[in-house]
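Below are the chains, spelled out letter by letter.
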Amino acid sequence: MTPTRVKVCMLGSFAVGKTSLVQRYVKSLFSERYQTTIGVQIDKKELVIDGRPLTIMLWDLYGEDEFQKLSASFLRGAHGAFFVADGTRAQSVDHALELAERFAPDLGDGPRILLVNKHDLAAQWEVRDETLARLRAKGWLVLCTSAKDGENVERAFELLARAMLERESD
Amino acid sequence: MAKDVAHELLGELEWLVLELGPNGVWTRRSHAPKWLVEHRGEAGGPGGDEWPPFLATFLDEAREHFTRGVAAPLRSLMWCEVTPDGREWPLQASALDVGGRRLVFVEWLDERYAELRAILQRARQTTLEFDSLHREVLKKEVLLHCIVHDLKSPLAGIVGSLSLLADGEQDAARRELVAIALESARRQEVMIRQVLDVFASELSTSQSFARDPREAPDLVESVRSVLQAYGPVFQRRSVGLTSRSLAASRAPIRVVGRADRLERVLANLLENALRHSDAGDEVELEFVAAAQSVELTISDRGPGVPETIRATLFQKFVQSGPSRGVAGLGLFYCKNTLEQWGGAIGYEPREPKGSTFRVALNRALAG
Ligand SMILES: Nc1nc2c(ncn2[C@@H]2O[C@H](COP(=O)(O)OP(=O)(O)OP(=O)(O)O)[C@@H](O)[C@H]2O)c(=O)[nH]1
Ligand SMILES: [Mg+2]
């Protein structure tokens, strides 16, 4: 069976951990060192969901800031997206939501998940549970993740993969 | 010959040139750069027609670009291909029409990329560090605020007990000691309140205040209430407290601000004047209203502010007077608060001795 090939984008502010999440998922690696992504870096992960092979092309985009804005053309042909925020910087959640809104037309009805990353940093955690509850009530799938200790990383990718496969077979 | 040179050059630079034929197929017009060879090797042997994913997306975009017939070249984002040896190849693609030939070329960026990356990296790291420092400072301020607040609670009990003791029967020596203890406890109360005031004004710099004359505080009323509150305190110390302007004023003077904080400002300035006065001295509070503004002065006959600290008088933690100063926060609070309302505060010495603090407030005018 030829694997279904899907494109998934990682979107969010700079330094929220997009690259780290991809590295954790694809290579089971984590580094404390921050190396900002310029442009885009594409990684590939092959997995099997319910006996169906799937190839995820992971588009790890640079984090948006005042120096570099994201453009809709990177989402061309994307089947799903992670909007990533840093739980120790409450503002990054707003930014992630703002990006989700801005790129909603380009992503169509492809599934999206909000990842609030760096959950291992409990002492610096800024995002309130009520905020996440409110987002869930609005229909967002929200996961608190840690690229450092791996919390919810596999699960996030699997959930997105399932959602994309379901959509493909509809 | 020229064509060969160009071909060689592109090869050396590890650039890739593709041409879109009339049949809609991309044909390579240069050597295959290393990053492409390696990619194809991985993706199913040489000659595999699969482009690396980023390039594939860009080629689709380029196709549309040529269909639209736009003259300006289309440039891609920078991206990296990673060869199996772990080497990163920073690349950027452009699509342009050269005399009817529809070309895409992919540059290998090399050092330029490293430079850009270093600059962006530094900028982002600095932003992160600044943010985290800022958060740290805020946390410390809140902590300090809690500590100061907690320090205040036992003081009420101390002042209360000392007041009862002062009223009881006792010999002169004890009475004097109790009076000293009571005075110290009260001073500490003032100090703590000033610290808390500063916290309140700094943590909520955007706190609302009124410009509309219907809601703005009445300066005359504020002066009256502060003089009433401080009358007894001044009396105990045998310092006079007068205001000819208050006695003469007939109508309210609405000023931009907030009544509670305006009274705190006045109280701070009066406490300051009292602290530097000796028994028998007089402190005067006067104000004059102009069309747009009001000027208010509080003058004492104390030793005045030494030249050396005048320039920094209104900064945090500067104390006026070598031994008599309470916390230096009172004046900082006044300046901070008044400036939020568009007002100002200044200091000038009096002849032959003494200080005048001059406060400017904006009148709250209709419209
Ligand atoms: N403690 C902790 N640190 C993390 C986690 N994820 C990422 N980091 C750290 O956060 C910093 C930024 O991580 P990156 O993965 O480079 O962030 P990014 O979103 O790709 O950043 P840009 O490419 O600049 O947009 C690095 O120092 C990481 O080590 C996490 O889950 N926990
Ligand atoms: Mg990154």
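Residues numbered from 1 in each chain as written. Chains lettered and ligands numbered in written order. Predicted model: local features only at pLDDT ≥ 70, side-chain atom pairs only at ≥ 80, totals over all residues. Heavy atoms only, no water.

Novice: Even after reading the chapter, I still don't get the packing of helix H1 (residues 18-27) of chain A against helix H5 (residues 153-169) of chain A, so can you show me in this structure?
Specialist: The description of two helices packed together rests on the angle between their axes and the distance between the axes. Residue and element names in this part refer to chain A. Axis separation between H1 and H5 bottoms out at 9 Å; the angle between their running directions is 90 degrees. Relative to H5, H1 is oriented roughly perpendicular. For the pair H1 and H5, contact is made by Leu-21, Arg-24 and Tyr-25 and by Val-153, Glu-154 and Phe-157, respectively. Partitioning the contact of H1 with H5 into residue classes produces four nonpolar, no polar and two charged. (Axes fitted to C-alpha atoms, helices over the stretch in contact; angles between N-to-C directions. Helix = DSSP H or I, 4+ residues; strand = E, 2+ residues; numbered from the N terminus. Parallel < 35°, antiparallel > 145°, perpendicular 65-115°, else oblique. Contact = heavy atoms within 4.5 Å. Nonpolar A, V, L, I, M, F, W, Y, C, P; charged D, E, K, R; others polar.)

Novice: Mind showing me how you'd approach the coordination of the magnesium ion (ligand 2) here?
Specialist: Where a metal carries four tetrahedral donors, each ideal angle is 109.5 degrees; where it carries six octahedral donors, the ideal angles are 90 or 180 degrees. Coordination of the magnesium ion (ligand 2) by the protein is provided by Thr-19 of chain A (OG1) and Thr-37 of chain A (OG1), with metal-donor distances spanning 1.9 to 2.1 Å. Taken together, the residues Thr-19 of chain A in helix H1 and Thr-37 of chain A in the loop between H1 and strand S2 (40-49) connect sequence positions 18 residues apart. (Donors = N, O, S within 2.8 Å, 3.2 Å for Na, K, Ca; no water.)

Novice: Help me understand the interface of chain B and chain A, please; the structure alone is not making it clear to me.
Specialist: Frequently, the measure chosen for interface size is the accessible area removed from exposure when the parts meet. Between chain B and chain A, the residue contacts involve 24 residues of the former and 27 residues of the latter. Counting each side, the surface lost to burial between chain B and chain A is near 2,300 Å², with a carbon and sulfur contribution of 58%. Interface area lost by chain B to chain A is led by Leu-77, Arg-117 and Arg-124 of chain B, which between them contribute 27%. Between the two partners, chain B and chain A, sit three salt bridges. (Buried area = accessible area lost by both parts, 1.4 Å probe. Salt bridge = Lys/Arg side-chain N within 4 Å of Asp/Glu carboxyl O.)

Novice: Help me understand the nonpolar core in this model?
Specialist: In globular proteins that are soluble, nonpolar side chains generally tend to be buried together. All names here are of chain B. In this structure, Leu-219, Val-223, Leu-269, Leu-270, Phe-287 and Leu-296 are the most contacted members of the largest nonpolar core, which totals 57 residues. Lining this core are residues from two domains, each supplying at least three of them: domain 2 (124-203) and domain 3 (207-367). Beyond its immediate stretch of four places on either side in the chain, Leu-269 contacts Ile-298, Leu-331, Cys-334, Ile-345, Phe-357 and Val-359. (Core = buried A, V, L, I, M, F, W, Y, C linked by side-chain atoms within 4.5 Å. Buried < 20%, exposed > 50% of the residue type's maximum accessible area, 1.4 Å probe, protein only. Domains from an automatic or database assignment.)

Novice: Which parts of the structure should I look at to understand the packing of aromatic side chains?
Specialist: Ring pairs (aromatic) are described by centroid distance and by the angle formed between their planes. Counted according to the given criterion, the structure contains ten aromatic pairs over all chains. A ring pair is formed by Phe-83 of chain A and Trp-140 of chain A, whose centres lie 5.9 Å apart and whose planes are at 85 degrees; its orientation type is edge-to-face. Here Phe-83 of chain A, found in strand S4 (residues 80-86), pairs with Trp-140 of chain A, found in the loop between helix H4 (129-137) and strand S6 (142-144); they are 57 residues apart in sequence, far enough to count as distant. By relative accessible area, which is 0% here, Phe-83 of chain A ends up buried. For the pair Trp-15 of chain B and Phe-105 of chain B, a centre-to-centre distance of 5.7 Å together with 10 degrees between the ring planes defines the contact as stacked. In this pair, Trp-15 of chain B sits in the loop between helix H1 (2-13) and strand S1 (16-20) while Phe-105 of chain B sits in strand S5 (residues 101-108), placing the two residues 90 residues apart along the sequence. Taken together, Tyr-25, Phe-82 and Phe-157 of chain A form an aromatic cluster joined through their ring pairs. Positioned above the aromatic ring of Phe-14 of chain A is the side chain of Arg-89 of chain A, whose terminal nitrogen or guanidinium carbon lies 5.1 Å from the ring centre. The side chain of Arg-87 of chain B reaches across the aromatic face of Trp-89 of chain B, ending 4.0 Å from its centre. (Phe/Tyr/Trp six-rings, centres within 6.5 Å; stacked < 30°, edge-to-face > 60°. Lys NZ or Arg CZ within 6 Å of the ring centre and 35° of its normal.)

Novice: Please clarify how the sheet that holds strand S6 (residues 240-242) of chain B should be interpreted in this entry.
Specialist: Backbone hydrogen bonds hold the strands of a sheet together, and the pairing may be parallel or antiparallel. All names here are of chain B. An order of S6-S7-S8-S10-S9 is seen for the five strands of this open sheet, with the pairing classed as mixed. If you trace the sheet from one side to the other, it starts and ends with S6 and strand S9 (344-349), each paired once. Between one strand axis and the next, the sheet turns through 15 degrees on average, direction left out of account. Each of S6, strand S7 (282-289), strand S8 (293-300) and strand S10 (355-362) touches helix H6 (residues 219-236); the most contacted strand, S7, lies at about 175 degrees to it. Strands S6, S7, S8, S9 and S10 of the sheet are contacted by helix H8 (residues 259-275), whose axis makes an angle of about 25 degrees with S8. (Pairing = 2+ DSSP bridges.)

Novice: Explain unusual backbone geometry to me, please; I cannot follow it from the model alone.
Specialist: Where the residue is not glycine, phi is negative for most of them; where a peptide bond is considered, it is trans in most cases. Glu-351 of chain B connects to Pro-352 of chain B through a cis peptide bond whose omega is -5 degrees. Looking at the secondary structure, you find Pro-352 of chain B in the loop between S9 and S10. The phi torsion at Ser-28 of chain A lies on the positive side, around 55 degrees, for a residue other than glycine. Its relative accessible area of 53% is what places Ser-28 of chain A among the exposed residues.

Novice: Would you explain the packing of H8 of chain B against helix H10 (residues 329-340) of chain B in this entry?
Specialist: Residues and elements named next belong to chain B. Taken N-terminus to C-terminus, the directions of H8 and H10 make an angle of 145 degrees; their axes are 9 Å apart at the nearest point. Our pair here, H8 against H10, has a crossing hand that is left-handed. Across the interface between the two elements, Arg-261, Arg-264, Val-265, Asn-268, Leu-269 and Asn-272 from H8 touch Gly-330, Leu-331, Tyr-333, Cys-334, Thr-337, Leu-338 and Gln-340 from H10. Per-class residue counts for the contact of H8 with H10 are six nonpolar, five polar and two charged. (Left-handed = near helix turned anticlockwise from the far one by under 90°.)

That's the geometry; what it means functionally is another story.
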